[in-house]
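Descriptive structure summary
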Amino acid sequence: MPHTDSAGLLLLPLFLPLLGFLSILFIDREQEKAIKYVTLIFSMLTFFASLPLWFMFNDGLDGFQFYTNISWIPSLDAGFRTGIDGMSLLLVLLTTFIMPISILSSFESIKKKHKEYYAMLLLLEFGMLGVFVSLDTMLFYVFWELILIPMYFLIGIWGGKDRIYAAVKFFLYTLVGSLLMLIAIVWMGLYAKWLPGGHFTTDFLILKQLAPGIPLDIQIWLFLAFALSFCIKVPLFPFHTWLPDAHVQAPTAGSVILAGVLLKMGTYGLIRFNLELFPQSLHLFAQPLAWLSVIGIIYGALVAMVQTDIKKLVAYSSVSHLGFVVLGIVSVTPEGLQGAIIQMVNHGLSTGMLFLCVGVLYERRHTREISEFGGITKVMPKFAVMFTIAMMASVGLPGLNGFIGEYLTLFGSFQSKFLNNPWFSIFSASGVIFAAVYLLWMFQRVMFGTNDNPKNHTLTDLTRSEYWQLVPLVIFIVWIGVYPKTFLSRSELYAQTLVGSIEKTVFGTSAYPKIKAIEVDASAVKKAGH
Amino acid sequence: MIQDLLLTAPFTFLSAMAIIAMVVDALIKNSARITFLFSVITLIVSGILAIGTFGHHGIGFNGMISGGGFSSYFDVLFSVGGLLTIFAARSYLQKEGIEHDEFYSLILFAIGGMMLIGHSNNLLTLFIGIEIMSVVFYILSGYMRSSIASVEASLKYFLLGAFSTGFLVYGMALIYGATGSMDYGHISMNISRGALPLGSLLPIGIALMVIGLSFKAAAFPFHQWAPDVYQGAPTIVTAFMSTAGKAAAFVAFMPIVMVLMPAAPAKLQMTFAVLSAATMLIGNISALAQTNIKRMLAFSSVAHAGYLMMGLVSGSQAGYSGILFYLTSYMFMQIGSFIIVGLLERRGEEHLQISDYAGLSKKYPVLAAFMSIFMFSLAGIPPFAGFFGKYYLFSAAIDAGFLWLTIIAVFSSIVSVYFYIGLIVKMYFNEPEKEMPDTEFGLSRISLFITIAGVILLGIMPSGILSIAHAIFGHSTH
């Protein structure tokens, strides 16, 4: 049952970016400074408004919290239904946390059409938050597609040389997947109508109850329609080709948001729809999906190794890293799922930070070719420290966040009943080694060695603004690495309950959720019940 | 008699006013200003009358004309379309130097014809309505008398239109022969009773009528006139023809399909499904290759006829509601985009290539933003009106068992996105290739703001129109 206590707390951070977007529209375009600071303030307000969610969220409650249900299109039973659970809580906070940083990072680097740029960023934030909190398929789809528009403009207007190609490719790729998902969404609504005494609905909670009753042969198609859409977004091999183009051409903030949050919409969707709605089909497709993730992990790493452009290297590393997330998801073990969820956050932080670092270099040299650099450590010592942390987090060094996520997903996939094959973990583990190779090698060529390119002699170290963009990321990278329990405990019950219900559907029995969680659950319900 | 007049008040009032406007034209020199104001007031009043008669269902004039509900809704829609057109027409016509006095009364006549289509309860009145509308369109498409393209469009439209009218009237005659009546109610009753003495004529009659109406709706394979006519006609006339005109065609289609569908449900559904699939594919694929913006929008309007036909395929309450919603949202997005095309156009057909829109966002950021919203909406991207129209039609088609049609529709939408966002690419991502023309907005502003508000509000809050649609079709299909 969804919990409706203090539902307004969720609506405030959801609508603040929209309010910000609308206020930007009314500021004169000459007032660049005002536009920048209004955007920053709104994104900071959104972040602070999302903090109460973190503290008020009750780990022990099963089901969605801060649940709102407002009638929207009565004839379709589509409603403004929002709420969060342990997984969406983390992603909502990741979004509100990353946004101010990416906005700050744009202050210097964006030099034209400020009004449109900052308006688009806020619209994007509104869309992303909407995706993570929607509990209505129609609302979800609207937010899902809403993101296309600002992202398309961000790449297309403020991007690099081949921005138009990248923007159009991004748009079309994503749209192909999402329109097939739309058919699945409509079909499910109609399924509710075809049942005796039923009516059309887009209520996720109702659909979740009805989904197991859909005949398996149709479930498979629905599963595939959803999965295709999400796998393109993730992107899972072989649907990844839009990503390097989009990343390389996008402005720094665009890349940070793309890597930090947008890609997580895909993995989020996989869990929310494919896992929660179609466990039986998942059982059929878990292995193929796992193979694709393993191929993605290795392929992404190998391609990253041969890149000469730092940004492209980081982009391909995303393909590799997200393979771990998908592997964790399809392993359907509490560890795997927890690992996937925490790895979504990790990837957002560490890859976001890597893109910021690449942005720092690009701002100074207007090139991202590895061969143009060398010995940067000597001229930019502060930057060197930050870059090292970002790189090590991405490699998966124990003590930093990446290790936790990768460890958990590998552990989960190793003991998974769904995959039932240790080779998945063994192959994927090689991805960790490759990551060390391509990242360390890149780092060595850029940062160490002799600084023999005269253009690099006079580079200035991090400015104060750049420094403060990176510090918050470092704090969380270390925090998750050292004491992940703060974050893991938020999604623990969710992961266990989900695995439990999937295993019960597929195998008939399940050891999950473990008793401990239920005890917490029962007492909390009593408390919440007043 | 009084009762009958009240029932059809919006239509009769408008027709009377159109005749008065014509007389005023003839008597007063340079009366454009006067007839403009006169038409605005007329359209507003008949719109209000239509809202007032919405709840009064009934049939009058010896069963020839119906009123209330369905017809009232479309009276309002046609009035709104007319208002949007003439507000934008003022500055456009002045710019092009073709603001002849009779323009506004012609628009009124066309709307009169469209309203008559919506009010018709008999094949004869339907025919008269279609002809009144079409004749005005023939005149209006040739309104730019000095332009060869415009005159050619007019002539082409007239010849082909006259030909298609032949199909239509022949089809009506055969249906009359088969069922023994021209009245919708009687035809429907006789079909459901079965055992028609000349029943074999019925399918031929239906086929011929479908051909005639498909021509008016610009659906495949009777769409070939549309690109030439839409390109040649003055832009503002194209805006009107491709929205209100298309709406009128579907307003004619809906009751006819409701009446005739029971004669051969499966066959008719399949016919419409094939027509629909072919129309959207041909429309969208042809639009890909266009370099002229009016031609591109013309082909896209063909494709939209295909989406609309999905509603006819389903033949259900949801399908007709979908058509109603889609026509309403299409009215806003299509008129809006043509208004922008018209604003940027210069005398003598300049500035109509898609490449001329390069860098539009530099000089006209608001126009470019509006145009992008119209394009996104036409492409069916949420949260704009076009998305909900499609959602509704798709769901009606799947509900009727036409999943394959929906999948084709989805893929043709993806094709369409390519050229819709291609225009946005030009406007935002490319640098201007040549000097942007200065433009006089005038009253077009009113139309632009109404259309953009319509596209956004219908997208965010579709439930108002949807519940009206349910009230209308829940009443007439049960």
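1. Re the overall build of chain B
Within chain B one finds 20 helices and two strands. For chain B, the C-alpha radius of gyration of 21 Å lies close to 23 Å, the compact-globule estimate for 478 residues. Principal-axis analysis of the C-alpha atoms gives chain B an extent of 70 × 55 × 40 Å. Within chain B, the proportion of its 478 residues that are buried is 63%. Of the contacts made within chain B by residues no fewer than 6 positions apart, 79% connect residues no fewer than 24 positions apart.

2. Re the overall build of chain A
Looking only at helices and strands, chain A has 21 helices and two strands in total. Radius of gyration (C-alpha) of chain A: 22 Å, near the 24 Å computed for a compact globule of 530 residues. A principal-axis box enclosing the C-alpha atoms of chain A has dimensions of 75 × 55 × 45 Å. Out of the 530 residues belonging to chain A, those deemed buried represent 60%.

3. Concerning the confidence of the model for chain A
Of the residues in chain A, 97% reach a pLDDT of 70 or more, and the chain-wide mean stands at 86. Long-range and interchain partners of residues 517-530 of chain A, a stretch whose pLDDT sits below 50, account for 15 contacts in this model, where long-range means more than four residues apart.

4. Observations regarding unusual backbone geometry
The omega angle of the peptide bond from B:Phe220 to B:Pro221 is -5°, so this bond is cis rather than trans. One can find B:Pro221 in the loop between helix H9 (201-217) and helix H10 (225-232). Looking along the chain, the bond that leaves B:Pro382 and enters B:Pro383 is cis, with omega of 5°. Here B:Pro383 is to be found in the loop between helix H16 (365-379) and helix H17 (385-399). Unusually for a residue other than glycine, A:His366 sits at a positive phi of about 55°. A residue is classified by how many C-beta atoms lie within 10 Å of it, and A:His366, with 9 of them, is exposed. Residues other than glycine seldom take positive phi values, yet B:Phe61 does so here, at roughly 50°. The topology assignment puts B:Phe61 in the loop between strand E1 (58-60) and strand E2 (65-67). With 17 C-beta atoms counted inside 10 Å, the residue B:Phe61 sits in the partly exposed group.

5. Quick word on the interface of chain B and chain A
By a widespread convention, an interface's size corresponds to the accessible area lost as its parts come together. Taken together, the contact between chain B and chain A spans 25 residues of the former and 27 residues of the latter. Going through the elements one at a time, H17, helix H18 (403-429) and helix H20 (463-477) of chain B are the ones with two or more residues in the side of chain B that touches chain A. With 11 residues, H18(B) is the largest single contributor of residues to the side of chain B that touches chain A. Class assignment of the residues belonging to the side of chain B that touches chain A gives a composition of 18 nonpolar, six polar and one charged.

6. As for helix H10 (residues 242-249) of chain A
All names here are of chain A. Burial analysis of H10 places seven of its eight residues in the buried class, the great majority of the element. Leu 243, Pro 244, Asp 245, Ala 246, His 247, Val 248 and Gln 249 are the residues of H10 that are buried. The secondary structure elements touched by the buried residues of H10 are helix H6 (148-158), helix H7 (163-194), helix H11 (252-277) and helix H13 (310-331).

7. Structural notes on the confidence of the model for chain B
Atomic detail in the predicted coordinates should be set aside for any region of low pLDDT. Confidence along chain B averages 89 in pLDDT terms, with 98% of residues attaining 70 or more. Complex prediction metrics read pTM 0.90 and ipTM 0.87.

8. Some thoughts on the packing of helix H4 (residues 69-96) of chain B against helix H19 (residues 444-460) of chain B
All names here are of chain B. At their nearest, the axes of H4 and H19 sit 7 Å apart, and the two run at 145° to each other. Taken as a pair, H4 and H19 cross one another with a handedness that is left-handed. Packed against H4, whose contacting residues are Leu 84, Phe 87, Ala 88 and Ser 91, the element H19 presents Ser 444, Ile 446, Ser 447, Ile 450 and Thr 451 at the interface. Partitioned by chemical class, the residues of the contact of H4 with H19 number five nonpolar, four polar and no charged.

9. Quick look at the pairing of strand E1 (residues 65-73) of chain A
Residue and element names in this part refer to chain A. With six bridges connecting them, E1 and strand E2 (residues 78-84) associate as antiparallel partners. Along E2, the bridge assignment pairs Gln 65 with Ile 84. Hairpin connection between E1 and E2: a loop of four residues separates the two successive antiparallel strands, and Asp 77 in this loop has a positive phi of roughly 50°.

10. Observations regarding the environment of A:Ala211
Residues and elements named next belong to chain A. Within the secondary structure, Ala 211 sits in the loop between helix H8 (204-210) and helix H9 (216-233). By C-beta crowding, Ala 211 is classed as buried, having 22 other C-beta atoms within 10 Å. Residues within four places of Ala 211 in sequence aside, it is in contact with Leu 277 and Phe 278.

11. Some details on the packing of H7(A) against H17(B)
Across the interface, H7(A) lies against H17(B) with an axial gap of 10 Å and an inter-helix angle of 55°. One finds that H7(A) runs oblique with respect to H17(B). Pair H7(A) / H17(B) crosses with right-handed handedness. Along its contact with H7(A), which presents A:Val186, A:Trp187, A:Gly189 and A:Leu190, the element H17(B) presents B:Tyr391, B:Phe394, B:Ser395, B:Ile398 and B:Asp399. The residue makeup of the contact of H7(A) with H17(B), split by class, is six nonpolar, two polar and one charged.

Parameters at a glance
Residues numbered from 1 in each chain as written. Chains lettered and ligands numbered in written order. Predicted model: local features only at pLDDT ≥ 70, side-chain atom pairs only at ≥ 80, totals over all residues. Helix = DSSP H or I, 4+ residues; strand = E, 2+ residues; numbered from the N terminus. Rg over C-alpha atoms; globule rule 2.2 N^0.38 Å. Buried ≥ 20, exposed ≤ 12 C-beta atoms within 10 Å, placed from the backbone. Contact = placed C-beta atoms within 7 Å. pLDDT = per-residue confidence, 0-100. Nonpolar A, V, L, I, M, F, W, Y, C, P; charged D, E, K, R; others polar. Axes fitted to C-alpha atoms, helices over the stretch in contact; angles between N-to-C directions. Left-handed = near helix turned anticlockwise from the far one by under 90°. Pairing = 2+ DSSP bridges. Parallel < 35°, antiparallel > 145°, perpendicular 65-115°, else oblique.

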